[in-house]
Structure formats: C-alpha cells, structure tokens
Amino acid sequence: MKAMILAAGLGKRMRPLTDTTPKPLLPVGGKPLIMYHIERLKALGVREFVINIAYLGEQIEAALGDGHALGVSIQYSEEHEPLETGGALLQALPLLGDEPFLLVNGDVWTDYPFERLFDVHLAEDCLGHLVLVPNPRHNRRGDFALHDSMLLHNTEVDEGFTYSGISLLRPELIGAYSERRQIFPLREALAEGIAANRLSGEVYDGEWWDIGTPERLQALDERLTSQ
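This one's a predicted model, so the numbers in the text were calculated from it and none came from an experiment.

Asker: Can you lay out the overall build of the chain for me, pointing to particular residues and giving the numbers?
Answerer: A tally of helices and strands in the chain yields seven helices and 13 strands. Computed over the C-alpha atoms, the radius of gyration of the chain is 17 Å, within 12% of the 17 Å expected from 2.2 N^0.38 for a compact globule of 227 residues. In terms of overall dimensions, the chain has a C-alpha envelope of 40 × 35 × 30 Å along the principal axes. Considering the chain as a whole, with its 227 residues, one finds that 50% of them fall into the buried category. Taking all contacts inside the chain whose residues are at least 6 apart in sequence as the whole, residues at least 24 apart take part in 73%. Taken as a whole, the chain presents about 10900 Å² of accessible surface, with 48% of it coming from carbon and sulfur.

This is the structure in structure tokens:
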C-alpha cells in the first residue's frame, strides 16, 4: 500500500517559524514533524510514499531525498501554484496508482495505530474510510458525524467530529468526482461521497495534535521531550 503525505501548505499561522522552514520540517520532540509519519508507516511495511510539495518544497526534498537513506521510496508531486487538497490529490493520482492509499496530513501528530487502516475492508462501492477525532477547541462544531459507521454531514445531527487528516481512500474518490478541476478542496469530493452514502469512518479518542500555531507546536514539543 502507498501513502501520500500532504506537505505543500504555506503554514501562514505558524509564522515566523515558517518564514524559512516548511511546516512539515519543523522540529518537535527532536525530529521533523513529517518524520513521525514516515517512520511509523515504514515500521508497518509501507515502503512507497508520495509527498506533495510547494512552498519551500526544495527543503523537504533535500531533507528526505528519494527515501533511500530512510529505507523507503519517495516520489514528489511538485505544485507550481496552490492546488488545495483535492487538486493536490488529482495531480498525484498517476503516482498513487489504482489501489486504495493512505492519506496523512503532514502537519498533524498522533499516536493513532495506523495498522487499523490496513485491516479496513472497503466495500466495492465504498470510496474511503476517514479517521475522526473529538472536536478540539479550534473546531468545536466538527466536520462530520457517524451513523452506523457511515459518514454524515454533521449539520444533520447534533454531534459532529473533526476529520483527523488521516484516511484510506480509493483513487476514484478524486478521479471520478463530478466537479473535479485543477484547484479544489478535498471536502468537496468528500461531500459528494457522503451524499451517495459511500464513505465510512471511525472515531479515535487517543492523542491527536493539529500543529496549526506556534503555541501548539511548543506544547507538543514539551509533551514529547518530557517522556
């Protein structure tokens, strides 16, 4: 199974830290944030990675190379303009192939057991499986809800959850999306999949950090270095 790590964001809320360093390379607990994903997925047998890059992307490519030194293979999907998450996936589809792939946001840290996604059996008509987490302070309304393991828009029920940035997706979610175009957000394709009742999910109650501000980065760094 291949994994794609989203790493092309500008990291505007992380400035001034991201003025000279892309967010996925910011150190936390003694190593770049993106390395936690690569190391954990490699330990589970993932050897092929696709990473999209844009802002200061040359630093990410210089740090990770082709992955050989890390015992994996890394291909880069370079974006010459911001494509948003859906556009990023659409551009990367030729590198990802025809089988379901893991998608991970490069700016989150979690102890989620990725092996769970290896055990997920996507029904033939299911386009993907999303990992949700309890709503953090910065997203109290959440993104989605669950009903019998199928995703719903959280406006349809009282309680919603936040998308963790971790999922198992079929390429068809993006490739067959009716409104696909060069630049669009992933949430549009997810909304179409939800409307067709073709997306499943689960809720994870363990540790999950969205590194969206310098303060959260510092808090996580203190958390990891104190262990």
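The rest of the description comes next.
Asker: Outline the pattern of salt bridges, supporting the account with residue identities and numerical values.
Answerer: Enumeration over the complete set of coordinates arrives at seven salt bridges. With its nearest N and O atoms 3.0 Å apart, the salt bridge here joins Asp-107 to Lys-23. Of this pair, Asp-107 sits in the loop between β6 (101-105) and β7 (108-110) while Lys-23 is found in the loop between β1 (2-6) and β2 (27-28), placing the two residues 84 residues apart along the sequence. You can call Lys-23 buried: its relative accessible area is 11%. In this structure, Glu-202 engages Arg-116 in a salt bridge whose closest nitrogen and oxygen atoms are separated by 3.2 Å. With a gap of 86 residues between them, Glu-202 in strand β12 (residues 199-203) and Arg-116 in helix α4 (residues 115-118) connect regions that are remote in the sequence.

Asker: Got a sec to walk through the packing of aromatic side chains? Specific residues and values, please.
Answerer: For the coordinates displayed, the defined rule picks out four aromatic pairs. Geometrically, the ring pair formed by Tyr-36 and Trp-109 is edge-to-face, given 6.2 Å between the ring centres and 80° between the ring planes. In this pair, Tyr-36 sits in helix α1 (residues 33-43) while Trp-109 sits in strand β7, placing the two residues 73 residues apart along the sequence. Residue class for Tyr-36 comes out buried when judged on its relative accessible area of 13%. Relative to Phe-184, the ring of Tyr-177 has its centre 5.4 Å away and its plane inclined at 35°; by these criteria the two rings are tilted. For Tyr-177, a relative accessible area of 5% puts it in the buried group. On the accessibility criterion, Phe-184 (0% relative accessible area) is buried.

Asker: Talk me through helix α7 (residues 214-225); I want residue IDs and the actual numbers.
Answerer: Over its 12 residues, α7 runs 16 Å from end to end, which matches the ideal 16 Å to within 8%, given 1.5 Å per residue. Looking only at α7, the buried set comprises Arg-216, Leu-217, Leu-220 and Leu-224. Looking straight down α7, one finds its buried side chains confined to an arc of 100°; they lie on one side. Projecting away from the buried face of α7 at angles above 90 degrees are the exposed residues Glu-215 and Thr-225. Looking at the packing, one finds that the buried side of α7 touches β2, α1, β7 and β13 (208-210).

Asker: Explain the pairing of strand β11 (residues 162-169) to me, and be specific about the residues and the numbers.
Answerer: β11 sits mainly inside the fold: eight of its eight residues count as buried. Pairing of β6 with β11, which is carried by four bridges, proceeds in the antiparallel orientation. For Leu-102, the partnering residue across the bridge sits in β11 and is Leu-168. With six bridges joining them, strand β8 (residues 128-133) and β11 adopt antiparallel strand pairing. Residue pairing for β11: Val-133 is matched across the bridge by Thr-162.

Asker: An account of the environment of Val-46 is requested, with residue identities and associated values reported.
Answerer: Here Val-46 is to be found in the loop between α1 and β4 (48-53). Residue Val-46 is classed as buried on the basis of its relative accessible area, which comes to 1%. Setting aside residues no more than four positions away along its own chain, Val-46 makes contact with Met-1, Ala-3, Leu-41, Val-72, Leu-102 and Phe-118.

Asker: Describe the nonpolar core, listing the residues and the values that go with them.
Answerer: Residues Ile-34, Ile-38, Leu-41, Phe-49, Ile-51, Leu-64 and Ile-74 are the most contacted members of the largest nonpolar core, which totals 28 residues. Elements that contribute at least two residues to this core include exactly β1, α1, β4, α2 (57-64), β5 (73-78), β6 and β11. Top contributing element to this core by residue count: α1, with four residues. Ignoring any residue separated from it by four or fewer positions in sequence, one finds Ile-51 in contact with Ile-5, Ala-7, Ile-34, Leu-64, Ile-74, Gln-75, Tyr-76 and Ser-77. Listed in part, the 27 residues of the second largest apolar core include Leu-89, Leu-103, Leu-127 and Leu-186.

Thresholds, definitions, all that
- Residues numbered from 1 in each chain as written.
- Predicted model: local features only at pLDDT ≥ 70, side-chain atom pairs only at ≥ 80, totals over all residues.
- Heavy atoms only, no water.
- Helix = DSSP H or I, 4+ residues; strand = E, 2+ residues; numbered from the N terminus.
- Rg over C-alpha atoms; globule rule 2.2 N^0.38 Å.
- Buried < 20%, exposed > 50% of the residue type's maximum accessible area, 1.4 Å probe, protein only.
- Contact = heavy atoms within 4.5 Å.
- Areas by Shrake-Rupley, 256 points an atom, 1.4 Å probe, with all protein chains shown as cover.
- Salt bridge = Lys/Arg side-chain N within 4 Å of Asp/Glu carboxyl O.
- Phe/Tyr/Trp six-rings, centres within 6.5 Å; stacked < 30°, edge-to-face > 60°.
- Expected span 1.5 Å × (residues − 1).
- Arc of directions from axis to C-beta.
- Pairing = 2+ DSSP bridges.
- Core = buried A, V, L, I, M, F, W, Y, C linked by side-chain atoms within 4.5 Å.

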